Amino acid sequence: VLMLGRVAPNKGHAALFDAFACYRRHYAADARLLVVGKHDRRLARYSRHLRDHCAALGISENVHFLDNIDDTRLKACWLVADALLMLSEHEGFCVPLVEAMALGVPIIARDRGAIGETLGRAGLAWQESDPRLYAASLDRLARDAAAAEVLRLAGRERYRLQFAPDVLAARLADALAAFA
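Residues numbered from 1 in each chain as written. Predicted model: local features only at pLDDT ≥ 70, side-chain atom pairs only at ≥ 80, totals over all residues. Heavy atoms only, no water.

A. Region of interest: the pattern of salt bridges. Scanning the entire structure with this criterion turns up eight salt bridges. A salt bridge links Lys 11 to Glu 91; the nearest nitrogen and oxygen atoms lie 2.8 Å apart. A residue pair is termed long-range when its members are at least 10 positions apart, and Lys 11 in the loop between strand E1 (2-4) and helix H1 (13-26) and Glu 91 in the loop between strand E4 (84-86) and helix H4 (95-103) qualify at 80 residues. Across the pair, exposure class does not vary: Lys 11 and Glu 91 are buried alike. (Salt bridge = Lys/Arg side-chain N within 4 Å of Asp/Glu carboxyl O. Helix = DSSP H or I, 4+ residues; strand = E, 2+ residues; numbered from the N terminus. Buried < 20%, exposed > 50% of the residue type's maximum accessible area, 1.4 Å probe, protein only.)

Okay, here's the thing in structure tokens:
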């Protein structure tokens, strides 16, 4: 399971760890969570709190914090991910969703801020905060290859139609032409 985003309180790491712990406890004891994101030194206390939370949940050995990694390692994270799990409290556009769509990684997310608009129907988006819901969603994708493939294909299609470079370039040209 992959989570990508800076380590900050709004990113929902505590909820992420609660859901992951539930997933490991009830469905997949050997699951791993890759938490890719920059750690801000000004938030060192928060980072320690997250590590303590993982320890309290008994998942420390299965959660891997990857800070400031290069593009090659980031690509490797995407390639091994069975799902992107985003449980942010609020988000703007959320670039990791688009990256997941482009790479065909199924997405499970909390529908907050612009998540729903960015994701469209290319992933599972829930309003609820219940960790059991997210754990069951991860399990469904792990057990049901057809369901995971539907999300992979829907994500790739949404990327192709909404976020591919040529589509964005055409939108920018249209917006600039409107001002000319």
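Additional details are given in the paragraphs that follow.
B. Inspection of the environment of Asp 174 at higher detail. Mapped onto the elements, Asp 174 comes out in helix H8 (residues 165-179). Distance in space between the C-alpha atoms of Asp 174 and Asp 130 is 42 Å, their sequence separation being 44 residues.

C. Structural view of helix H3 (residues 71-80). Leu 74, Cys 77 and Trp 78 are the residues of H3 that are buried. With its buried residues spanning 95 degrees around the axis, H3 presents them on a single face. In H3, the exposed positions angled more than 90 degrees off the buried face are occupied by Thr 72, Arg 73 and Leu 79. The N-terminus of H3 is capped by Asp 70, whose side-chain oxygen sits 3.2 Å from the backbone nitrogen of Thr 72. (Arc of directions from axis to C-beta. Polar contact = N/O pair within 3.5 Å; in protein donor to acceptor, adjacent residues only side chain to side chain.)

D. View of the packing of aromatic side chains. A full pass over the atoms with the stated rule returns three aromatic pairs. Aromatic side chains Tyr 23 and Tyr 27 sit 6.1 Å apart centroid to centroid with 35 degrees between the ring planes, which places their arrangement in the tilted category. Tyr 27 gets classed as partly exposed once you look at its relative accessible area, which sits at 39%. Ring centres 5.6 Å apart and planes at 75 degrees place the aromatic pair Phe 93 and Phe 163 in the edge-to-face group. (Phe/Tyr/Trp six-rings, centres within 6.5 Å; stacked < 30°, edge-to-face > 60°.)

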